[in-house]
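Here is how the chains run, residue by residue.
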Amino acid sequence: MAGATGRSAELEYAEFAANRSGPLYRSACLLTGGDTHLAEDLVQETLSRMYVVWRRPGRLFGGRAIENPAGYAQGVLYRQFIDHHRRRSSGERPIAEVPDLAGPDGDSTLRMTLLQALGELPPRDRAVLVLRYWEDVSVEETAEILRCRPGAVRSQASRALARLRALLGDGLTDLAAH
């Protein structure tokens with residue numbers, strides 16, 4: 001891009017990316033059940049898509065100006081996550097057991113149990129739960145991000161919570177007490 005306007009847009013984007021990378025990464029880690037490599041890939045893809053939109057005059061997408069770039073980026077992240085599972089035809093294959101690796105300090109048994117249970121839910125269920133209960137996004141905003149109706153979000157959240165409770169069983173209260 002040439003000129004002061006292009007340079008200004010570049011600097012604005014760099015600042016946006018620096019400020020949003022952390023929150024996007026945390027959401028991506030929750031969505032992927034702790035798969036940090038996939039989380040990094042999702043954030044990178046989200047930021048690259050945001051860069052393309054950022055460079056458009058008036059930051060238009062689908063003929064409309066993006067008024068909330070942070071919210072728009074969250075939506076891109078969630079759609080990237082769901083799309084990843086739809087097209088999971090890459091050469092990567094899951095393995096039965098993850099090799100022993102040191103985790104970051106502060107990882108508790110409860111956190112790991114919750115991440116593992118969250119990882120066993122279908123991608124769409126994970127997206128709904130993370131948006132609603134981690135990101136504290138309203139039902140209407142969640143529906144907009146996931147491109148569905150608010151009623152679908154409510155019923156999906158209810159079913160996903162029931163599945164999560166079934167996966168965690170009664171042992172969760174024991175873990176939370178420690």
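Preceding this paragraph is the structure being described.
Residues numbered from 1 in each chain as written. Predicted model: local features only at pLDDT ≥ 70, side-chain atom pairs only at ≥ 80, totals over all residues. Heavy atoms only, no water.

Caption draft 1: Spotlight on the overall build of the chain. Within the chain, the regular secondary structure consists of eight helices and two strands. Traced from its N-terminal end to its C-terminal end, the chain shows the element sequence α-α-β-β-α-α-α-α-α-α. Residues classed as buried in the chain amount to 33% of the 178 residues present. A sequence separation of at least 24 residues applies to 66% of the contacts in the chain between residues at least 6 apart. (Helix = DSSP H or I, 4+ residues; strand = E, 2+ residues; numbered from the N terminus. Buried < 20%, exposed > 50% of the residue type's maximum accessible area, 1.4 Å probe, protein only. Contact = heavy atoms within 4.5 Å.)

Caption draft 2: Inspection of the packing of aromatic side chains at higher detail. Summed over the entire model, instances satisfying the criterion amount to four aromatic pairs. Relative to F16, the ring of Y13 has its centre 6.4 Å away and its plane inclined at 40°; by these criteria the two rings are tilted. Of this pair, Y13 and F16 both sit in helix α1 (residues 3-31), separated by three residues, roughly a single helical turn. Residue classification places F16 among the buried residues on the basis of a relative accessible area of 11%. Ring geometry for Y13 versus W54: centroids 5.8 Å apart, planes at 70°, classification edge-to-face. In this pair, Y13 is assigned in helix α1 and W54 in helix α2 (residues 36-54), connecting sequence segments 41 residues apart. A residue is classified by how much of its surface remains accessible, and Y13, at 11% relative accessible area, is buried. Taken together, Y13, F16, Y51 and W54 form an aromatic cluster joined through their ring pairs. Above the ring of Y133, the side-chain terminus of R132 is found at 5.5 Å from the ring centroid. (Phe/Tyr/Trp six-rings, centres within 6.5 Å; stacked < 30°, edge-to-face > 60°. Lys NZ or Arg CZ within 6 Å of the ring centre and 35° of its normal.)

Caption draft 3: Spotlight on the nonpolar core. In terms of nonpolar packing, the biggest core is built from 44 residues, with Y13, L31, M50, Y78 and L146 touching the most fellow members. Mapped by element, the contributors of at least two residues to this core are α1, α2, α3 (69-86), α4 (109-119), α5 (123-134), α6 (139-146) and α7 (150-168). For this core, the element with the most residues is α1, which contributes nine residues. Sequence-distant contacts of Y78, that is, excluding residues within four places in its chain, are made with S27, L31, A127, V130, L131, E135, I145 and L146. (Core = buried A, V, L, I, M, F, W, Y, C linked by side-chain atoms within 4.5 Å.)

Caption draft 4: Fine view of unusual backbone geometry. Notably, D136 is not glycine yet its phi reads approximately 55°, a positive angle. On the accessibility criterion, D136 (65% relative accessible area) is exposed. Positioned with a positive phi, R147 is a non-glycine residue whose angle comes to about 55°. Positionally, R147 belongs in the loop between α6 and α7.

Caption draft 5: Main features of the environment of R26. Along the chain, the position of R26 falls in helix α1. Expressed as a C-alpha distance, the spacing of R26 and E40, which sit 14 residues apart in the sequence, is 9.8 Å.

Caption draft 6: Representation of the pattern of salt bridges within the structure. Per the stated rule, a full pass over the model turns up three salt bridges. One salt bridge in this structure joins E140 and R154, with 3.7 Å as the shortest N-O distance. Taken together, the residues E140 in helix α6 and R154 in helix α7 connect sequence positions 14 residues apart. (Salt bridge = Lys/Arg side-chain N within 4 Å of Asp/Glu carboxyl O.)

Caption draft 7: Representation of α2. For α2, with 19 residues, the first-to-last C-alpha span of 26 Å sits near the 27 Å given by 1.5 Å per residue. For α2, every residue scored as buried is listed here: L38, A39, L42, V43, T46, L47, M50, V53 and W54. Between a side-chain oxygen at the N-terminus of α2 and the backbone nitrogen of H37 the separation is 3.2 Å; the capping residue is D35. (Expected span 1.5 Å × (residues − 1). Polar contact = N/O pair within 3.5 Å; in protein donor to acceptor, adjacent residues only side chain to side chain.)

Caption draft 8: Highlighting the side chain of Q80. Mapped onto the secondary structure, Q80 falls in helix α3. Those residues within four positions of Q80 in sequence are excluded, and the remaining contacts are L42, E45, T46, R49 and R87.

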